[in-house]
There are 2 protein chains.
Amino acid sequence: MMLDRHPAGPRTPGTAIRGETVPTVPPASTASDAVDVTALLERGRTLATPVLRAAIDRLAPPMDTVAAYHFGWIDAQGNPADGDGGKAVRPALAVLSAEVTGAPPATGIPGAVAVELVHNFSLLHDDLMDGDEQRRHRDTVWKVHGPAQAILVGDALFALANEVLLELGTVEAGRAARRLTTATRALIDGQAQDISYEHRDRVSVEECLEMEGNKTGALLACASSIGAVLGGADDRTADTLEKYGYHLGLAFQAVDDLLGIWGDPESTGKQTWSDLRQRKKSLPVVAALAAEGPAAERLGEILAADAKSSDFENFSEEEFAARAALIEEAGGREWTTEEARRQHTIAIEALDSVDMPDRVRARFTALADFVVVRKR
Amino acid sequence: MMLDRHPAGPRTPGTAIRGETVPTVPPASTASDAVDVTALLERGRTLATPVLRAAIDRLAPPMDTVAAYHFGWIDAQGNPADGDGGKAVRPALAVLSAEVTGAPPATGIPGAVAVELVHNFSLLHDDLMDGDEQRRHRDTVWKVHGPAQAILVGDALFALANEVLLELGTVEAGRAARRLTTATRALIDGQAQDISYEHRDRVSVEECLEMEGNKTGALLACASSIGAVLGGADDRTADTLEKYGYHLGLAFQAVDDLLGIWGDPESTGKQTWSDLRQRKKSLPVVAALAAEGPAAERLGEILAADAKSSDFENFSEEEFAARAALIEEAGGREWTTEEARRQHTIAIEALDSVDMPDRVRARFTALADFVVVRKR
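About the thresholds
- Residues numbered from 1 in each chain as written.
- Chains lettered and ligands numbered in written order.
- Predicted model: local features only at pLDDT ≥ 70, side-chain atom pairs only at ≥ 80, totals over all residues.
- Heavy atoms only, no water.
- Helix = DSSP H or I, 4+ residues; strand = E, 2+ residues; numbered from the N terminus.
- Rg over C-alpha atoms; globule rule 2.2 N^0.38 Å.
- Buried < 20%, exposed > 50% of the residue type's maximum accessible area, 1.4 Å probe, protein only.
- Contact = heavy atoms within 4.5 Å.
- Areas by Shrake-Rupley, 256 points an atom, 1.4 Å probe, with all protein chains shown as cover.
- Lys, Arg positive; Asp, Glu negative; His and termini not counted.
- Charge placed at Lys NZ, Arg CZ, Asp CG, Glu CD.
- Buried area = accessible area lost by both parts, 1.4 Å probe.
- Salt bridge = Lys/Arg side-chain N within 4 Å of Asp/Glu carboxyl O.
- Polar contact = N/O pair within 3.5 Å; in protein donor to acceptor, adjacent residues only side chain to side chain.
- Least-squares fit on C-alpha atoms with pLDDT ≥ 70 in both.
- Core = buried A, V, L, I, M, F, W, Y, C linked by side-chain atoms within 4.5 Å.
- pLDDT = per-residue confidence, 0-100.
- Expected span 1.5 Å × (residues − 1).
- Bend = angle between axes of the 7 residues up to and from the residue.
- Phe/Tyr/Trp six-rings, centres within 6.5 Å; stacked < 30°, edge-to-face > 60°.
- Lys NZ or Arg CZ within 6 Å of the ring centre and 35° of its normal.

### Comments concerning the overall build of chain A
Okay, so step 1: Within chain A, the regular secondary structure consists of 16 helices and two strands.
Okay, so step 2: Taken over the C-alpha trace, chain A has a radius of gyration of 20 Å; the compact-globule value for 376 residues is 21 Å, and the two agree within 12%.
Okay, so step 3: Summarising its shape, the C-alpha atoms of chain A cover approximately 60 × 50 × 30 Å along the three principal directions.
Okay, so step 4: The burial tally for chain A puts 57% of its 376 residues in the buried class.
Okay, so step 5: Across chain A, contacts joining residues at least 24 apart in sequence account for 78% of those joining residues at least 6 apart.
Okay, so step 6: Total accessible area computed for chain A in this model is approximately 15,000 Å², and 49% of it derives from carbon and sulfur atoms.
Okay, so step 7: Each charge class in chain A can be summarised by its mean position, and for the 39 positive and 58 negative side chains these summaries are 1 Å apart.

### Notes on helix H2 (residues 63–70) of chain B
Okay, so step 1: With six of eight residues buried, H2(B) lies mostly within the body of the structure.
Okay, so step 2: What H2(B) keeps buried is the set B:Met63, B:Val66, B:Ala67, B:Ala68, B:Tyr69 and B:His70.
Okay, so step 3: Among the structural elements, helix H7 (171–198) of chain A together with helix H1 (37–57), helix H4 (109–130), strand S2 (138–139), helix H5 (141–145) and helix H6 (147–166) of chain B are those in contact with the buried residues of H2(B).
Okay, so step 4: Phi turns positive, to about 85 degrees, at B:Gly72, one or two residues after H2(B).

### Points about the interface of chain B and chain A
Okay, so step 1: Opposite the 32 residues of chain B that make contact, chain A presents 32 residues.
Okay, so step 2: For the chain B and chain A pair, buried surface summed over both sides reaches about 2,900 Å², with 72% attributable to carbon and sulfur atoms.
Okay, so step 3: When the buried surface of chain B facing chain A is broken down by residue, B:Leu152, B:Leu166 and B:Arg185 rank first, second and third, together holding 20% of it.
Okay, so step 4: Taken together, chain B and chain A are joined by two salt bridges.
Okay, so step 5: Between chain B and chain A we count four residue pairs in polar contact (both at pLDDT 80 or more) in total.

### Re the relation of the copies chain B and chain A
Okay, so step 1: Of the two same-sequence chains, chain B is brought onto chain A (RMSD 0.1 Å, axial shift 0.0 Å) by a rotation of 180 degrees. Overall, the copies show the geometry of a two-fold rotation axis. When C-alpha distances to the rotation axis are compared across chain B, the minimum falls at B:Gly174, with a value of 2.6 Å.
Okay, so step 2: A share of 100% of the interface residues of chain B reappears at the interface of chain A, consistent with the copies meeting face to face through the same patch.

### Describing the nonpolar core
Across soluble globular proteins, you tend to see nonpolar side chains buried next to one another.
Okay, so step 1: Within the largest apolar cluster, 209 residues are counted, with the highest numbers of intra-cluster contacts made by A:Leu157, A:Tyr244, A:Phe364, B:Leu157, B:Tyr244 and B:Phe364.
Okay, so step 2: In terms of residue count, helix H6 (residues 147–166) of chain A provides more of this core than any other element does, 14 residues in total.
Okay, so step 3: Residues in contact with B:Phe364, not counting those within four places in the same chain, are B:Leu93, B:Leu96, B:Ser97, B:Val100, B:Ser224, B:Leu241, B:Tyr244, B:Leu351 and B:Met356.

### A word on unusual backbone geometry
Okay, so step 1: Between A:Pro61 and A:Pro62 the backbone carries a cis peptide bond, its omega angle lying at 0 degrees.
Okay, so step 2: Here A:Pro62 is to be found in the loop between helix H1 (37–57) and helix H2 (63–70).

### Comments concerning the environment of B:Thr107
Residue and element names in this part refer to chain B.
Okay, so step 1: On the secondary structure map, Thr107 appears in the loop between helix H3 (89–98) and H4.
Okay, so step 2: Counting along the chain gives 55 residues from Thr107 to Asn162, while the straight-line C-alpha distance between them is 16 Å.
Okay, so step 3: Beyond its immediate sequence surroundings of up to four residues, Thr107 is in contact with Ala98, Gly227, Leu230 and Gly231.

### Observations concerning the confidence of the model for chain A
All names here are of chain A.
Okay, so step 1: Across chain A, the average pLDDT comes to 91, with 91% of residues at or above 70.
Okay, so step 2: For the stretch residues 1–23, pLDDT sits under 50, and the model shows 61 contacts to residues farther than four places along the chain or on other chains.
Okay, so step 3: For this predicted complex, the interface score ipTM comes out at 0.91, alongside a pTM of 0.92.

### Considering the pattern of salt bridges
Okay, so step 1: The final tally for this structure, using the stated rule, is 48 salt bridges over all chains.
Okay, so step 2: When the shortest N-O distance is used, the salt bridge between A:Lys280 and A:Asp275 registers 3.9 Å.
Okay, so step 3: With a closest N to O distance of 3.1 Å, B:Arg359 and B:Glu99 form a salt bridge. Note that B:Arg359 is positioned in helix H16 (residues 358–373) and B:Glu99 in the loop between H3 and H4, a separation of 260 residues in sequence.

### Things to note about helix H8 (residues 205–230) of chain A
All names here are of chain A.
Okay, so step 1: The end-to-end C-alpha separation of H8 is 36 Å, in line with the 38 Å expected for 26 residues at 1.5 Å each.
Okay, so step 2: Roughly 40 degrees is the biggest bend found in H8, and it falls at Gly213.
Okay, so step 3: H8 sits mainly inside the fold: 23 of its 26 residues count as buried.
Okay, so step 4: In the segment just after H8, Gly232 is the residue with positive phi, at about 95 degrees.

### Some details on the packing of aromatic side chains
Okay, so step 1: Applying the stated rule across the entire model yields 13 aromatic pairs over all chains.
Okay, so step 2: Both rings, one in A:Phe312 and one in A:Phe320, keep their centres 5.6 Å apart while their planes meet at 85 degrees; by these two values the pair is edge-to-face.
Okay, so step 3: Judged by its relative accessible area of 5%, A:Phe312 falls in the buried class.
Okay, so step 4: Each ring, one from B:Phe121 and one from B:Phe158, has its centre 4.6 Å from the other, and the planes form 25 degrees; the classification is stacked. One end of the pair, B:Phe121, is in helix H4; the other, B:Phe158, is in helix H6, with 37 residues separating them in the sequence.
Okay, so step 5: What makes B:Phe158 buried here is its relative accessible area of 1%.
Okay, so step 6: Ring-pair connections join several aromatic residues into one group, and the members of that group are A:Phe121, A:Phe158, B:Phe121 and B:Phe158.
Okay, so step 7: Above the plane of the ring of A:Phe312 lies A:Arg279, whose end atom (NZ or CZ) is 4.0 Å from the centre.

As structure tokens, then:
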């Protein structure tokens, strides 16, 4: 459905000041104004974390330790740590979705835990495949504990995800596990695309969106519906909640791609021009390259030269800033901002086709708003 | 339950002629004499392979190609190949177990395919973790297609295994998926143990048996019961069939460990003294080391020196033959042969507690006999 759209042409050049906040998307609805998103995220985290920790405790040594390191619960020496648990959007969505069916939020907990396990399985394996040495400001698992442990513990988290759901022994749990499996297959497809795109000079906007839909949309879709499935929702309701989550995922990723270039390092915890340093073919880049005009053309030449450069790692701040400015001049930044807004709108509109208490709808809306206005 | 047994002491030295066939275990029963095991294995293969191929076809490129290479359906250049599909004991067991419930063998097909997918997921990842460059006489996937593809396609096979079961959408499929998940967790535990044992000087017989139970027993247990679960068997029946399969797996592995040292390269397709060359702490080795007497002592000294030797890879046939002779002299070969027989007996006896047609029972028995008398 998104294949008919094309990036905008050249735009008025903007300033690419490092650390400038991402142009934020005005919330589509005011119904969410009264929702305390921080409390909502905290609720998901509070409900899911003890069950997640108990699941990890089931792993045989040394896998339990390696997993605890990955989650930031201990440091590389095994001492307790108070790691950055992330934004916890997925668990918040999973427990919220249980409320769609009138079930208590707790009904969604096994779903929240299973989704977190699958997400972290994919992080462990992706970091190894991509050779990424840092995640959440810390050395990645393969860097600290070696590649074999990264593979093995990733496998174990994937298996645990199924176990946590299937041991419920209900028909609903079987349906939830099936949807989670579908999402996991999409995650894997997305990673396969990501790897194959690395070796290519050009990636189209459509290909990039498809990859991001697989890598981010599918699991957010599952998170947004899995609590409802566990609460007994029918397939139509679950499919519609998945639609909300899928497009929310695309909005999330568009914002992530903006932050990956123009995010404030103080907020994101990443280096300046992070995605440019990694030569990532993210949305702003592919949208800029797909545009017409001198800026897009110049950008194409520069990036092609960069790909062959042996000195790329030593580039100065100014050199990356110049590339970011060209991406912006070619319209990549504005297009991606609009794309985030567009996906946010589709997500919110999907909610209209599902019967749910107003309070629950306002919370879904508030989480969607949060995803597009965040700075990290 | 096997922790109370200890390896026998020193034995009369035997001859360790390379290529000598493994002392075979006399079938425990004559009921299986009339069963055509070759036809039984062929039935499992014939029923499962088309469904397995259709499942692999669902993978996005290039994962479908990488998986097809792994299964031996194509060569490294992508040309069709007629690969060695292995002995196909697992699919034979899975479709046979459906018949326990009176269901047709075909009821077990999704179970057979799911078990094969999990088995091959673990091979892909284990070969990479262990750095093994050859499997079934061919270069391993990570060697041909790179580590990232080995990780990714392994993940995809694991996800497909769940998909193949859960898309059936039945309560039975949910139960089957849960049991498969338990077996997969055991597989992963076994690989974790295998990795940790590599870094240790000594491994006890009990630890070796526990590891082999996880790496081989658990999935054979699942294969032996999954068709019955899909056919609606109750938990007690499934548990008992799992017991049969678990002990059959231990018997299978004991025979594998014998073949890994004394197997005929013409039959096994492996190098002479294959497991000794890899310094594998397999059952005959750990049993020999655990024995008392001069041979065990001498073996311990030699293997400790080997572990530090930088010239190990250039050892001559005679040097490996001398180690094999010491293992045999210390009783490791005889103990392992007895262990295979013992596990075979427990497996067969487990069948007594399950109601099933005589014809089906005879087939389970025949498959158990086949596993312990094979030469490859």
